[in-house]
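Close look at the chain arrangement
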Amino acid sequence: MAYELKTALAKQTYRTLLSAIEANDWVCSHNDAQLALNFGVHGDDLDMEFYVLVDAERQIVRLISRLPFKFPGNKIYEGAIATGIANYALVDGNFDFDITRGDVIFRMTTSFLSSVVSKDAFINLVNYAAWAVDRFNDKLFMVSNGMMSVDDFIKFCQ
């Protein structure tokens, strides 16, 4: 695919994504040159930050949310199990767990390869991501600090 076409699709996708964020009445900061944006969502218990990048070369939209806590060294095993269980419960997106630092990141991607993605599709993407992070972030936090056992986390996910 020609560079110009990829760039044009990426810019159109970026504008549609911005429109979807505005349709949710969410405020975002954005970098038009890098086709990137950040937005925050108030969750039921923990606030969430999302970073979205439109990748013209790969023709994908990447959405990332870093959870605002880390699993301490003595809870790495529990963190690995809990994030795996959370991933099993998700239809789309996933949590990545860094066993060396204890970080948890939620990520989702969608492709716009040779296509135009609708505003409704992006509204669904950002709403689903916000729902998924909000559903699990407080429970993962509780596992990270020993307030919830992995067994209780598994019961929560069922």
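The text that follows walks through the structure, step by step, so that each part is easy to find. (Residues numbered from 1 in each chain as written. Predicted model: local features only at pLDDT ≥ 70, side-chain atom pairs only at ≥ 80, totals over all residues. Heavy atoms only, no water.)

1. Here we look at the sheet that holds strand E2 (residues 36-42)
The strand order E1-E2-E3-E4-E6-E5 describes an open sheet built from 6 strands, whose pairing is antiparallel. The open sheet has two free edges, formed respectively by strand E1 (28-31) and strand E5 (94-97), since each of these has just one partner strand. Strand-to-strand twist across the sheet, computed as the mean angle between neighbouring axes with direction ignored, equals 25°. Note that E5 and strand E6 (residues 103-111) share 4 bridges and pair antiparallel. Within E6, the position partnered with Asn94 by the bridge is Arg107. Along the sheet face, helix H1 (residues 3-23) touches E1, E2, strand E3 (47-55) and strand E4 (60-70) and points at about 20° away from the line of E2. (Pairing = 2+ DSSP bridges. Helix = DSSP H or I, 4+ residues; strand = E, 2+ residues; numbered from the N terminus. Axes fitted to C-alpha atoms, helices over the stretch in contact; angles between N-to-C directions. Contact = heavy atoms within 4.5 Å.)

2. What about the pattern of salt bridges?
Summed over the entire model, instances satisfying the criterion amount to 9 salt bridges. A salt bridge links Asp103 to Lys70; the shortest N-O distance between them is 3.4 Å. Within this pair, whereas Asp103 is found in strand E6, its partner Lys70 is found in strand E4, the two being separated by 33 residues in sequence. In this structure, Asp98 engages Arg101 in a salt bridge whose closest nitrogen and oxygen atoms are separated by 3.8 Å. A relative accessible area of 23% places Asp98 in the partly exposed class. One salt-bridge network, in which partners are shared between bridges, spans Arg66, Lys70, Asp98, Arg101 and Asp103. (Salt bridge = Lys/Arg side-chain N within 4 Å of Asp/Glu carboxyl O. Buried < 20%, exposed > 50% of the residue type's maximum accessible area, 1.4 Å probe, protein only.)

All quantities given are derived from atomic positions and should not be read as evidence of function.
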